[in-house]
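Single-letter residue listing:
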Amino acid sequence: MQIPNHAPIPELFVSYESAQKLKAEAGDLPSWDLSPRQICDLELLMNGGFHPLKGFMTEADYDGVVEEMRLESGALWPIPITLDVSQAFADGVEPGQDIALRDQEGVILAILSVTDKWSPDKAREAEKVFGADDIAHPSVNYLHNTAGPVYLGGPVTGIQAPVHYDFKARRDTPNELRAYFRKLGWRRVVAFQTRNPLHRAHQELTFRAAREAQANLLIHPVVGLTKPGDVDHFTRVRCYEAVLDKYPAATTTMSLLNLAMRMAGPREAVWHGLIRKNHGCTHMIVGRDHAGPGKNSAGDEFYGPYDAQELFRTHQEEIGIEMVDFKQMVYVQDRAQYEAADEVPEGATVLNISGTELRRRLREGLEIPEWFSFPEVVSELRRRYPPRSQQGFTVFFTGFSGSGKSTIANALLTKLMEMGGRPVTLLDGDIVRKNLSSELGFSKEHRDLNIRRIGFVASEITKNGGIAICAPIAPYAATRRAVREEIEQYGAFVEVHVATSIEECERRDRKGLYRLAREGKIKEFTGISDPYDRPEDPEVRLDTENVEVDHCAHQVFLKLEQMGLVAA
Ligand code: PPS
């Protein structure tokens, strides 16, 4: 049943006194530590954002939703809201039992009275809900590779909402937004769902949508989980705040929605509509490719560009919210203004900058024109995505003991320090073993741990805009790959293979260790009695025999220049 916008939406919280009592009792219950996605889902279940759901879905609700977008009651609901758990946890829980749901710090947020426990057919869920059992779809990937194998369902009793430390004043429950609209006398409100920074085209289209619907505007960005690789919400919120000033006074507001998106295109649009209805909106903008997940593994789009609008239109009445379908806005150069793509006069010059092109310009520090975005937004994005020559990165030397890693790494360190600009740290094998890994030996397990520690420190340095130079032996390819993946989330990873042969290292034997290894006095010695996986595709491979150290360091420096990591 739809709740009229002037009335409050039912929440799942109990009174403060009951919550205190429940909290004390819940200490004895089996407890499940919620994943970040489950915390988002639970928050919207408890605060009424997912009304009419009263808990995590039962098997009957789930089947109905997967097959025909309907709960057992017949109500429209397109996305499964399920509590996935591990097999081990599920084995210890039976229907009829209560479990405590905790956040990642262990705070009890709710009690789930388990009525259903089942192992879902994930391939069917993927096909029906997301349109294909293809892990190129982020939610299908999540379903198969992150979600647990068993679902628990049943009603939820809310004890307390998840705590947020960021942008508190910008977060509103459905009832808080309903009350706000009532207080301001906003009877018609058009919601704009977004997971991206707003540029001029978005401002133009939202403003027009509000005018067309004769409504006030709610910018309602998602700050829960969005598509992997999106601009982080801290940056986005600062950008949104800058754009808010561009709307006529008192027409527009912004509120942050802690939703975990599923990128389910058409079904997601319907879901967003139901959620916005619960938040007291009367209209919602659905644009081209709403909540699109990108391309499938064959390189084609998962959904047609207007599938979301079509499905929304079919169910509009039941959702209880009117769709404002939106045409793409483009900049018409001759008229120096934005216009709907389908209204542009023939022959006019139209300008556009795609998301990929914007990222390229940010990366390379190129101009982003005024017609495209607001200077405040561009400067926030530039702060977050400085050009490569100002970003952090890691140079990771690998090679046998005595291959020359430390000497070349030191020479590179000096060159980079001489240049200045960014802090540089050298994590040399020996130094790390003294300071970070003094308790470790040279078993495979200990070497892995050692390299992972180096990787962690290097990733933190890289994330914070510094340069990390690492110089361990790092003999195992799999561990080097893991470190690369960790660091590449934040900046470049430059693998340098110091390819001095084992024969040459042994001939040099600068520390006398090879002789001891040959005599069996040092065990598990790399290259003698322990393996070394030769890097297959390093960014740089150095031949050190008959070559000056300085020349080797220079080769690495040239590579850094070529990659745009140091200014030419
Ligand atoms: S690893 O495998 O990456 O964890 O090794 P690393 O931390 O770089 O440490 C290598 C230095 O330790 C000395 N050493 C040994 N190396 C290889 N195998 C064994 N068993 C061993 N025992 C001691 C050696 O001096 C290495 O220093 P470098 O600077 O590489 O010559």
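Keep in mind the model is a prediction, meaning the values are calculated, not measured. (Residues numbered from 1 in each chain as written. Predicted model: local features only at pLDDT ≥ 70, side-chain atom pairs only at ≥ 80, totals over all residues. Heavy atoms only, no water.)

(A) Region of the structure containing the environment of Ala 24. By the secondary structure assignment, Ala 24 is in helix H1 (residues 16-26). Residue classification places Ala 24 among the exposed positions, given a relative accessible area of 61%. (Helix = DSSP H or I, 4+ residues; strand = E, 2+ residues; numbered from the N terminus. Buried < 20%, exposed > 50% of the residue type's maximum accessible area, 1.4 Å probe, protein only.)

(B) Main features of the sheet that holds strand S10 (residues 252-254). One open sheet holds the five strands; their spatial order is S10-S9-S8-S11-S12, and the pairing between them is parallel. Unpaired on one side and paired on the other, S10 and strand S12 (322-325) mark the two borders of the sheet. Between one strand and the next, the sheet's axes are offset by a mean angle of 30 degrees, whatever the strand orientation. Direction of pairing for strand S8 (residues 189-194) relative to strand S11 (residues 283-286): parallel, over a ladder of two bridges. Bridge assignment links Ala 191 to a residue of S11, and that residue is Met 284. Relative to strand S9 (residues 216-221), helix H7 (residues 174-184) is tilted by about 160 degrees, and along the sheet it contacts S8, S9 and S10. In the packing of helix H8 (residues 200-212) onto the sheet, contacts are made with S8, S9, S11 and S12, and the angle to S8 comes to roughly 155 degrees. (Pairing = 2+ DSSP bridges. Axes fitted to C-alpha atoms, helices over the stretch in contact; angles between N-to-C directions. Contact = heavy atoms within 4.5 Å.)

(C) Highlighting the UniProt feature "binding site: ATP" (unreviewed entry) in the chain. Here the UniProt feature "binding site: ATP" (unreviewed entry) sits at Gly 399, Phe 400, Ser 401, Gly 402, Ser 403, Gly 404, Lys 405 and Ser 406. Among the secondary structure elements, Ser 401 is positioned in the loop between strand S16 (393-398) and helix H14 (405-419). If we skip the residues at most four places from it in the chain, Ser 401 touches Ile 473, Cys 505, Leu 513, Tyr 514 and Phe 525. When near neighbours in sequence (up to four residues on either side) are disregarded, Ser 403 contacts Val 498, Thr 500, Cys 505, Arg 508 and Thr 544. From its side chain, Ser 403 meets the backbone oxygen of Phe 400 in a polar contact 2.7 Å long. (UniProt positions renumbered as here; feature names shortened; annotations may be inferred. Polar contact = N/O pair within 3.5 Å; in protein donor to acceptor, adjacent residues only side chain to side chain.)

(D) Layout of the UniProt feature "domain: Sulphate adenylyltransferase catalytic" (unreviewed entry) in the chain. Taking the UniProt record as the reference, the feature "domain: Sulphate adenylyltransferase catalytic" (unreviewed entry) is found at residues 171-383. For residues 171-383, the helix share is 38%, the strand share is 15%, and the end-to-end C-alpha distance is 24 Å.

(E) Structural view of the layout of surface pockets. Taken as a whole, the second largest pocket spans an internal volume of roughly 1,000 Å³. Counting residues per element, the ones that place at least two in the lining of the second largest pocket are helix H2 (36-46), helix H6 (138-145) and helix H9 (233-244). Its residues placed into classes, the lining of the second largest pocket shows 16 nonpolar, 10 polar and 10 charged. Viewed by domain, the lining of the second largest pocket spans two of them, domain 1 (16-158) and domain 2 (168-257 + 263-330), each represented by three or more residues. (1 Å grid on protein atoms, 1.4 Å probe; cavity = no way out; pocket = protein on both sides within 12 Å on 5 of 7 lines; lining within 4 Å. Points joined across faces, edges and corners; volume = space filled by probe spheres on them. Nonpolar A, V, L, I, M, F, W, Y, C, P; charged D, E, K, R; others polar. Domains from an automatic or database assignment.)

(F) Examining the packing of aromatic side chains more closely. Counted under the stated rule, the structure contains 17 aromatic pairs. Measuring from centroid to centroid gives 5.6 Å for Trp 118 and Tyr 151, while their planes differ by 85 degrees, and the two rings are edge-to-face. Of this pair, Trp 118 sits in strand S6 (residues 116-118) while Tyr 151 sits in strand S7 (residues 150-158), and the two are 33 residues apart along the sequence. Aromatic side chains Phe 167 and Phe 234 sit 6.0 Å apart centroid to centroid with 45 degrees between the ring planes, which places their arrangement in the tilted category. Highlighted residues: Phe 167 in the loop between S7 and H7 and Phe 234 in helix H9, separated in sequence by 67 residues. In this structure Phe 167 comes out as partly exposed when scored by relative accessible area, which is 23%. What links up through ring pairs into an aromatic cluster is the set Tyr 331, Tyr 338, Trp 371 and Phe 372. (Phe/Tyr/Trp six-rings, centres within 6.5 Å; stacked < 30°, edge-to-face > 60°.)

(G) Looking closely at the nonpolar core. With 71 residues, the main nonpolar core has Phe 50, Trp 77, Ile 81, Leu 83, Ile 99 and Leu 101 as its most contacted residues. Domain assignment of the residues forming this core places at least three in each of domain 1 (16-158) and domain 2 (168-257 + 263-330). Those residues in contact with Ile 81 that sit more than four places away from it in its chain are Asp 41, Leu 45, Phe 50, Leu 53, Phe 56, Met 57, Arg 262 and Trp 271. If you look at the next biggest cluster of nonpolar residues, it comprises 37 residues, including Leu 205, Ala 215, Tyr 338 and Trp 371. (Core = buried A, V, L, I, M, F, W, Y, C linked by side-chain atoms within 4.5 Å.)

(H) Focus on the environment of Tyr 306. Mapped onto the elements of the fold, Tyr 306 is located in the loop between S11 and helix H11 (307-319). Residue classification places Tyr 306 among the partly exposed positions, given a relative accessible area of 38%.

(I) Geometry of the domain arrangement of the chain. For the chain, the domain assignment lists domain 1 (16-158), domain 2 (168-257 + 263-330) and domain 3 (388-562). Look at where the C-alpha atoms of domain 1 and domain 2 centre, and you get two points 25 Å apart. Counting residues at the interface gives 29 residues for domain 1, matched by 27 residues for domain 2. With both sides pooled, the region where domain 1 packs onto domain 2 buries about 2,100 Å², and carbon together with sulfur makes up 66% of that total. Put simply, domain 1 and domain 2 have one salt bridge between them. The closest approach of N and O atoms between Glu 318 and Arg 70, which form a salt bridge, is 2.6 Å. Connecting domain 1 to domain 2 are 12 residue pairs in polar contact (both at pLDDT 80 or more). Where the side of domain 1 that touches domain 2 is concerned, the elements lending two or more residues are H2, helix H3 (59-68), helix H5 (122-130) and H6. For the side of domain 1 that touches domain 2, a count of residues per class yields 17 nonpolar, seven polar and five charged. (Buried area = accessible area lost by both parts, 1.4 Å probe. Salt bridge = Lys/Arg side-chain N within 4 Å of Asp/Glu carboxyl O.)

(J) Structural context of the sheet that holds strand S20 (residues 540-542). Here we have five strands laid out as an open sheet, ordered S17-S18-S16-S19-S20, and parallel in their pairing. Each having just a single partner strand, strand S17 (424-428) and S20 make up the two edges of the open sheet. Here the strands of the sheet are splayed against their neighbours by 15 degrees on average, with no regard to which way each runs. With five bridges joining them, S17 and strand S18 (residues 467-471) adopt parallel strand pairing. When the bridges of S18 are listed, Leu 427 appears paired with Cys 470. The strands touched by helix H16 (residues 444-463) within the sheet are S16, S17 and S18, with S18 carrying the most contacts at an inclination of about 165 degrees.

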